[in-house]
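Structure assessment
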Amino acid sequence: MTQKEITYHLKDIQHYYGNTKVLDIADLKIKKGSITGLIGPNGSGKSTLLKLLAFAQKPTRGNIFYKGRIELPFSPTVRSKVTLLTQKPYLLKRTVFENIAYGLKIRKDKKHLKERVKKALLTVGLDDQKFAVRKWHELSGGEAQRVSMAARLILKPEVLLLDEPIASVDTESAGLIRKASLKARDNWGATLVIASHDLQWLYSISDRQLSIFKGNIFSTGLENIITGPFLKSGIKSDGKTLVKKLDDGQIITLKAPGKKTCTAVVIRKKNIAISLEKQLDNGLLNQLSGHIVSMLLEEKKEIIMATISIHNLAFILRLTSDQISRINLYPGKKVILKFHPNDVEWI
Ligand code: ADP
């Protein structure tokens, strides 16, 4: 990647709230025109990272390079290029038209204002005639989110940061927000970073996924993370394993971490096998029963991303079409996931 192709370069970023470290990112680059999906449980640092990327907050340590230059928070030049859409849309107490036209008016860019607002509304699937005159409080959650998105899109930002954009919207709005995001990338090369709990939606839009857990980023794509509590295993001869008990009675055995402070474990996709039957005489091998929740074709890659539910845990695997046809996998099918307790990385 040349400098020109990199929108963000984060170097040795640490962020603290009081004495608590909530982000620790040694090196992260985000390419221009890319759509990055950010996934992680509540409290893992997604919103904090988005605020840093929006230059709305200064990292406690480290630098954020924006297009090769160190940028300081609240710098007006960069803040007009980077825009953050929060989960709860912020609308002015005015009409939809006024909300969308506001940014352009501030910029004194009033040429063809009506036409442009109409187009922006259309981009997010809202009819101009019906919605332009509506007041801010006459909208559903999904509509308000889309108006808020249109108000940003009309300014053609270089970067669009979306924090849980579909958390409280209907399916139709989720689809329209996806479309509008892709348009921003395709039409003017916007760079997008999107945090979402909805794996399937996120996967359908992003070309790269980052897992974030306790402020650490796993840039190898979506990884399977199991969080505690973990208990000492009952096997007398072996103090070196821990177990996680699921409410349905299944037990996951894990090689204990070297240090005590680890609170979660990563199981890489490549270390997990999928089959239809349990293997007898398995030693310590984990064999977990669950079912396939969804299967999604990765564009251009001929790989299918499958989400598998093991009681209340969701696992993600990348499967080839060969694997799928060999054991005839489809959503709803019962499967067994297998991985060895040693193939775990504590974090
Ligand atoms: P996420 O978006 O993944 O839910 P956040 O970035 O909101 O995570 O939060 C990361 C951690 O920082 C959490 O433990 C949260 O409680 C804490 N946190 C977030 N904002 C603040 C704040 N303004 N002051 C103190 N702690 C905060």
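Residues numbered from 1 in each chain as written. Predicted model: local features only at pLDDT ≥ 70, side-chain atom pairs only at ≥ 80, totals over all residues. Heavy atoms only, no water.

Strand order across the open sheet formed by four strands is β2-β1-β4-β5, with antiparallel pairing between neighbours. The sheet is open, and its two borders are formed by β2 (20-31) and β5 (69-70), each paired with just one other strand. In terms of strand pairing, strand β4 (residues 61-66) meets β5 through two bridges, oriented antiparallel. Across the sheet, Phe65 pairs through a bridge with Ile70, a residue of β5. Helix α1 (residues 46-53) rests against β1 (6-17), β2 and β4 of the sheet, and its axis sits at about 125 degrees to β1. (Pairing = 2+ DSSP bridges. Helix = DSSP H or I, 4+ residues; strand = E, 2+ residues; numbered from the N terminus. Contact = heavy atoms within 4.5 Å. Axes fitted to C-alpha atoms, helices over the stretch in contact; angles between N-to-C directions.)

Right, let's get into helix α7 (residues 171-188). Across its 18 residues, α7 extends 26 Å between first and last C-alpha, which sits within 8% of the 26 Å expected from 1.5 Å per residue. Of all the residues in α7, the buried ones are Ser173, Ala174, Leu176, Ile177, Ala180, Ser181, Leu182 and Ala184. If you follow the buried residues of α7, they end up packed against β3 (35-39), α4 (113-123), α6 (141-153), β7 (159-163), β8 (191-195) and α8 (199-205). Of the residues one or two after α7, Gly189 is the one with positive phi, at around 70 degrees. (Expected span 1.5 Å × (residues − 1). Buried < 20%, exposed > 50% of the residue type's maximum accessible area, 1.4 Å probe, protein only.)

On to the layout of surface pockets. Here the largest pocket defines a volume of roughly 640 Å³. As for the largest pocket, its lining consists of 20 residues, and the residues nearest its centre are Thr83, Tyr102, Gly103, Arg152 and Leu155. Breaking the lining of the largest pocket down by element, the ones donating at least two residues are β6 (82-85), α3 (96-106) and α6. In terms of residue count, the dominant contributor to the lining of the largest pocket is α3 (four residues). When grouped by side-chain class, the residues that make up the lining of the largest pocket number 12 nonpolar, five polar and three charged. Counted as a void, the second largest pocket has a volume near 460 Å³. In terms of lining, the second largest pocket is formed by 19 residues, of which the most central are Gly40, Pro41, Glu223, Ile225 and Ala314. (1 Å grid on protein atoms, 1.4 Å probe; cavity = no way out; pocket = protein on both sides within 12 Å on 5 of 7 lines; lining within 4 Å. Points joined across faces, edges and corners; volume = space filled by probe spheres on them. Nonpolar A, V, L, I, M, F, W, Y, C, P; charged D, E, K, R; others polar.)

So, about the domain arrangement of the protein chain. Taken domain by domain, the protein chain comprises domain 1 (3-218) and domain 2 (224-346). Each of domain 1 and domain 2 has a C-alpha centre, and the two are 33 Å apart. Each side of the interface is counted separately: domain 1 has eight residues, and domain 2 has 12 residues. Summing the contributions of domain 1 and of domain 2, the shared interface buries around 950 Å²; its carbon and sulfur component is 71%. The largest per-residue losses of area from domain 1 upon contact with domain 2 belong to Gln200, Tyr203 and Phe213, which jointly make up 55% of the total buried on that side. Across the contact surface, domain 1 and domain 2 share zero salt bridges. Our count for the domain 1 to domain 2 interface comes out at one residue pair in polar contact (both at pLDDT 80 or more). Breaking the side of domain 1 that touches domain 2 down by element, the ones donating at least two residues are α8 and β9 (208-213). (Domains from an automatic or database assignment. Buried area = accessible area lost by both parts, 1.4 Å probe. Salt bridge = Lys/Arg side-chain N within 4 Å of Asp/Glu carboxyl O. Polar contact = N/O pair within 3.5 Å; in protein donor to acceptor, adjacent residues only side chain to side chain.)

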